[in-house]
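# Structural characterization, general
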Amino acid sequence: MAIKTKEEYIESLRKMNPVVYMFGERITNVVDNPRLRAGIEATAATYEAANMAEYRHSMVTESPLIGEAVNRFTLPPTSIEDLVARVKNNRMLGGRVGTCFQRCTGLDCMSALSIVTYNIDQKYGTEYYARFLEFLKHVQKNDLTCNAGVTDVKGDRSLNPHEQPDKDMYLRVVERRHDGIVVRGAKAHQTGSLSSHEIIVLPTRALKKEDKDYAVAFAIPTDTPGLIHVVGRSTLDMRELQGCDIGNTKYSKYCPTVIFNDVFVPWERVFMCGETEFAGDLVMRFSAFHRQSHGGCKAGKIDCMIGAALTMMDYNGTAKLSHLRQKIIDMIHRAETLYGCSIAASYEGKRQSSGTYFIDPVLANASKIHEGKEMAEVGRLLVDIAGGYVCDLPSDRDLANPEIGPLVMKYMQGAAGVPVEDRIRMLRLVEKLALESADTVSDIHGGGSAEAHRITIMRETDLEGKKKLSKRLAGIED
Ligand SMILES: Cc1cc2nc3c(=O)[nH]c(=O)nc-3n(C[C@H](O)[C@H](O)[C@H](O)COP(=O)(O)OP(=O)(O)OC[C@H]3O[C@@H](n4cnc5c(N)ncnc54)[C@H](O)[C@@H]3O)c2cc1C
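Because the structure is predicted, anything quoted here is derived from the model rather than measured.

As a further point, take the packing of helix α9 (residues 322-347) against helix α10 (residues 361-386). Describing two packed helices takes the angle between their axes plus the distance from one axis to the other. Between α9 and α10, the least distance of the axes is 9 Å, while the angle of their chain directions is 160 degrees. In terms of axis orientation, α9 runs roughly antiparallel to α10. The crossing of α9 and α10 is left-handed. Grouping the amino acids of the contact of α9 with α10 by side-chain chemistry returns 15 nonpolar, four polar and seven charged.

Before going further, it helps to spend a moment on the pairing of strand β5 (residues 146-149). Alternating positions in β5 separate into two faces, C146 and A148 on one and N147 and G149 on the other, with burial throughout. Both β5 and strand β8 (residues 198-201) contribute to a ladder of four bridges, which runs parallel. What sits directly across from C146, in β8, is E198.

Turning to the UniProt feature "domain: HpaB/PvcC/4-BUDH N-terminal" (unreviewed entry) in the chain, a few remarks are in order. Here the UniProt feature "domain: HpaB/PvcC/4-BUDH N-terminal" (unreviewed entry) sits at residues 5-272. Annotated as residues 5-272, this span is 34% helix and 21% strand, and its ends, taken at the C-alpha atoms, are 33 Å apart.

The next thing to look at is the site of the ligand. Among the 19 residues in the neighbourhood of the ligand, the closest are listed as A148, T151, R157, H189 and T191. Between the ligand and V150 there is a distance of 2.9 Å, counted from an oxygen atom to a backbone nitrogen or oxygen. Taking 950 Å² as the accessible area of the ligand by itself, protein coverage stands at 66%. Sort the elements by how many residues they give to the shell around the ligand and helix α15 (residues 437-445) lands first, with four residues. Classifying every residue of the shell around the ligand gives six nonpolar, nine polar and four charged. The residues that make up the shell around the ligand include at least three from each of domain 1 (6-280) and domain 2 (282-461).

Phi is positive for D143, close to 50 degrees, though the residue is something other than glycine. Inspection of the secondary structure assignment puts D143 in the loop between α6 (128-141) and β5. In the Ramachandran plot, H189 falls in the positive-phi region, its phi being about 55 degrees despite a non-glycine side chain. Locating H189 in the fold gives a position in the loop between β7 (180-187) and β8.

Moving on: the pairing of strand β10 (residues 227-230). Only one face of β10 is covered, namely the one carrying L227 and H229; the face carrying I228 and V230 has none of its residues buried. For strand β1 (residues 19-22) and β10, the ladder comprises three bridges, and the chain directions are parallel. Looking at β10, one finds that V19 is bridged to I228. Alignment of β10 against strand β11 (residues 257-266), held across four bridges, turns out to be antiparallel. Within β11, the position partnered with H229 by the bridge is V258.

With that out of the way, let us pick up the sheet that holds β1. Reading across from one edge, β2-β1-β10-β11-β7-β6 is the order of the six strands in this open sheet, with mixed pairing throughout. A strand with exactly one partner marks an edge of an open sheet, and here the two such strands are β2 (25-26) and β6 (172-176). Pairing of β1 with β2, which is carried by two bridges, proceeds in the antiparallel orientation. By the bridge assignment for β2, M22 is matched with E25.

All right, on to the sheet that holds β5 then. Strands sit in the order β5-β8-β9-β12 across an open sheet of four strands; the sheet is mixed. Every interior strand has two partners, whereas the edge strands, β5 and β12 (270-273), have only one. Within this sheet the neighbouring strands show an average axis-to-axis angle of 20 degrees, counted without direction.

Turning to the packing of helix α8 (residues 279-316) against α15, a few remarks are in order. Packing of α8 against α15 brings their axes to within 12 Å, and their N-to-C directions diverge by 140 degrees. By the angle between their axes, α8 is oblique relative to α15. Read as a crossing pair, α8 and α15 show a hand that is left-handed. Every residue of α15 that contacts α8 at H294, K298 and K301 is listed here: D439, S442 and D443. Residues of the contact of α8 with α15, tallied by class, amount to no nonpolar, two polar and four charged.

On to α8, then. Look at α8: 53 Å from first C-alpha to last across 38 residues, which is about the 56 Å you get at 1.5 Å a residue. Counting buried positions along α8 gives 29 out of 38 residues, so the element sits mostly inside the fold. Note on α8: the residue one or two positions beyond its end, G317, has a positive phi of about 75 degrees.

Reading guide: rules and limits
- Residues numbered from 1 in each chain as written.
- Predicted model: local features only at pLDDT ≥ 70, side-chain atom pairs only at ≥ 80, totals over all residues.
- Heavy atoms only, no water.
- Axes fitted to C-alpha atoms, helices over the stretch in contact; angles between N-to-C directions.
- Helix = DSSP H or I, 4+ residues; strand = E, 2+ residues; numbered from the N terminus.
- Parallel < 35°, antiparallel > 145°, perpendicular 65-115°, else oblique.
- Left-handed = near helix turned anticlockwise from the far one by under 90°.
- Nonpolar A, V, L, I, M, F, W, Y, C, P; charged D, E, K, R; others polar.
- Buried < 20%, exposed > 50% of the residue type's maximum accessible area, 1.4 Å probe, protein only.
- Pairing = 2+ DSSP bridges.
- UniProt positions renumbered as here; feature names shortened; annotations may be inferred.
- Near = heavy atom within 4 Å.
- Polar contact = N/O pair within 3.5 Å; in protein donor to acceptor, adjacent residues only side chain to side chain.
- Areas by Shrake-Rupley, 256 points an atom, 1.4 Å probe, with all protein chains shown as cover.
- Domains from an automatic or database assignment.
- Contact = heavy atoms within 4.5 Å.
- Expected span 1.5 Å × (residues − 1).

Printed below as a string of structure tokens:
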């Protein structure tokens with residue numbers, strides 16, 4: 001049963017028993033909690049699309065590993081076609097959910113591990129790659145969702161992990177046993193950790209040899225004893241719980257901090273343990289794949305934002321105004337540049353020793369730098385087009401109030417013939433698309449902060465080649 005339906009996916013989460021806290025209280029029923037469910041629904045869209053005639057051909061392919069049809073979200077790329085399909089699927093899904101569907105990070109971890117575990121084995125004769133392939137088979141056969149446990153809480157940013165006054169600021173191995181390891185630490189911003197069956201942990205940065213205990217990668221179920229998910233707050237997080245003014249009526253996003261309170265990991269699930277010199281490569285590969293992913297999903301989110309802007313123009317009676325139509329063009333070209341860089345990064349991908357294909361990291365990072373700046377501009381344009389009611393629209397509860405409701409509705413009218421309820425719904429969606437902090441901050445920091453992209457671009461670009469070009473024209477011989 002390699003392809004799950006949406007319903008099977010949700011039922012599979014129901015069988016899990018993670019330890020979860022939100023707003024200071026223990027949540028025992030994750031799946032039916034309205035706030036968490038909105039996030040789970042976004043991930044469920046990746047299962048739904050795989051079963052829809054319209055998208056099945058792009059979402060499903062045969063795995064060379066298990067010889068069965070699998071959801072592409074479980075498939076590390078083994079061709080240029082696979083790399084391109086990742087971006088196209090992400091764009092389609094980003095547009096369908098209008099937020100993050102929370103399933104690419106796990107694939108990005110698996111893609112990076114499928115390259116680096118092989119390289120570690122080549123150097124040290126370890127068996128990480130074989131262990132990783134066993135894990136991957138499990139993921140593919142059961143159509144699992146994984147999330148990325150990469151970002152450590154990091155304490156004092158000027159200090160290396162082993163230099164921190166509290167040694168747990170980066171996740172580390174605290175005990176080595178005959179049957180596995182015990183780890184302690186916390187991973188921040190764990191997008192969709194409760195929509196996932198497994199959490200894949202990687203180091204968050206390059207490490208020195210003194211940081212040996214921090215050079216650890218592994219995968220464990222998200223309800224493993226000792227794991228505590230503390231759901232983070234975001235700007236619109238009460239809306240689903242209050243059951244009104246929701247905006248995106250189907251989907252949302254949430255990002256817990258996951259605490260690893262002395263968690264046991266069996267050796268068969270450990271994919272790196274102490275090989276510090278590979279930590280930087282592992283995180284660089286994960287980040288580059290993740291930045292490629294963003295080029296697809298965020299372009300898809302802009303598609304949805306453009307749709308909302310155009311609809312607001314219809315509803316406000318501003319559809320013919322040329323300066324607003326210019327702003328639509330400004331939104332479109334930003335989506336296409338983002339997408340174009342990400343698609344180009346895929347076509348320029350190269351086969352690695354393990355057989356996995358890796359994207360062009362310079363193009364993928366260029367795409368992400370563009371996202372960090374331009375998504376904010378797209379949000380600004382959307383709010384500009386939609387009008388000031390994006391921020392202080394009366395609540396659904398005021399509209400339903402028998403005393404003031406009819407009066408409020410009267411003054412919410414837009415263009416003739418547009419149902420007032422529709423105009424209100426679209427304004428709420430614009431609020432969610434442009435101002436939900438879990439999404440807008442992810443445009444800046446998700447996949448690493450801007451400086452990390454710039455450093456990668458500088459490191460991975462052929463600077464000498466560019467100097468040679470200029471020297472040749474200037475007649476300078478080296
Ligand atoms: C909505 C959202 C979703 C996310 N989802 C995930 C996820 O699913 N999985 C995951 O693992 N991570 C996730 N992340 C984490 C993301 O990768 C980090 O936020 C990002 O790497 C920045 O780390 P930080 O937040 O700790 O900020 P910091 O590292 O504190 O950075 C803040 C600023 O300080 C600068 N800075 C910090 N330290 C240094 C230094 N030593 N040298 C130079 N400059 C420095 C940075 O460049 C940046 O400008 C998510 C983040 C967000 C906001």
